[in-house]
Amino acid sequence: MTIRIARPEDGPDIAGIYAPIVESSFISFEEIAPTPDEMAGRIEATLKTHPWLVVEEAGRVIAYAYAGQHRTRGAYKWSCDVSVYVGEAGRRKGLARQLYARLFATLVNQGFVSAIAGITLPNEASVGLHEAMGFEPVGVYRRVGFKNGSWRDVGWWSCSLAAPPESPTDPLAFGAHRSAFDAG
């Protein structure tokens, strides 16, 4: 198994991991699974500013994690949202923890200080993973989404990646500084 930076050509494998989550669960609030081409576009767009990592095994992507902008206002630029998804073939192997550890190291090297995760509730596995990785609960949006015939709550967790500097500099754009991954 190899952890590496995602490429647009990973779109089909990543779409295949994500589609059942969109179509058969309430974990994602998307209602239509993205196509492989849509996923390739998301990878390209994300990699301009944030890392997107995959676990590759025998030439196939079996898990992925990525970071993205937390909010659009400038003062938020040192925080990011994070997500991790593991396909059936990769479950129960500790891949989510490995991906997050590498993702967080990369984010620290870029200059980010906190990571935020939103989890549709209930989801004991995701809550357990995030809390094991150092996330702390910060609040719950009650009945914020309607999917699969029910109103859903979303819990929010925050993780400190690094001590906030007195005079922070802009986090490095990932696309211009992929060495942030190599340093992780």
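Residues numbered from 1 in each chain as written. Predicted model: local features only at pLDDT ≥ 70, side-chain atom pairs only at ≥ 80, totals over all residues. Heavy atoms only, no water.

**Q** Sorry, what's going on with the nonpolar core here?
**A** Across soluble globular proteins, nonpolar side chains show a tendency to be buried alongside one another. Judged by nonpolar contacts, the single largest core of 47 residues is most densely connected at Trp52, Val82, Tyr100, Phe104, Leu107 and Phe135. Here Phe104 is in contact with Val82, Met133, Phe135 and Leu161, once residues within four sequence places are set aside. (Core = buried A, V, L, I, M, F, W, Y, C linked by side-chain atoms within 4.5 Å. Buried < 20%, exposed > 50% of the residue type's maximum accessible area, 1.4 Å probe, protein only. Contact = heavy atoms within 4.5 Å.)

**Q** I tried to follow the pattern of salt bridges on my own but got confused; where do I start?
**A** A side chain of one charge can pair with a side chain of the opposite charge when the charged atoms of the two come close. According to the stated counting rule, one finds nine salt bridges in the structure shown. Here Asp13 ties to Arg60 by a salt bridge, and the two come within 3.4 Å at their closest N and O atoms. You can see Asp13 sitting in helix α1 (residues 11-24) and its partner Arg60 sitting in strand β3 (residues 60-69), a full 47 residues away along the chain. A residue is classified by how much of its surface remains accessible, and Asp13, at 17% relative accessible area, is buried. The residue Arg142 makes a salt bridge to Asp153 at a minimum N-O spacing of 3.3 Å. Residue Arg142 is found in strand β6 (residues 136-147), and its partner Asp153 is found in strand β7 (residues 150-160); the two are separated by 11 residues along the sequence. One continuous salt-bridge network, built from bridges that share partners, spans Arg4, Asp10 and Glu56. (Salt bridge = Lys/Arg side-chain N within 4 Å of Asp/Glu carboxyl O. Helix = DSSP H or I, 4+ residues; strand = E, 2+ residues; numbered from the N terminus.)

**Q** Would you explain the packing of α1 against helix α2 (residues 36-47) in this entry?
**A** A pair of packed helices is characterised by two quantities: the angle between their axes and the separation of those axes. The N-to-C vectors of α1 and α2 enclose an angle of 105°; their axes lie 8 Å apart at closest approach. Between α1 and α2, the crossing angle belongs to the class labelled roughly perpendicular. Contacts between α1 and α2 involve Gly11, Pro12, Ile14, Ala15 and Tyr18 from the first element and Pro36, Met39, Ala40, Arg42 and Ile43 from the second. Taken together, the residues that form the contact of α1 with α2 break down as eight nonpolar, one polar and one charged. (Axes fitted to C-alpha atoms, helices over the stretch in contact; angles between N-to-C directions. Parallel < 35°, antiparallel > 145°, perpendicular 65-115°, else oblique. Nonpolar A, V, L, I, M, F, W, Y, C, P; charged D, E, K, R; others polar.)

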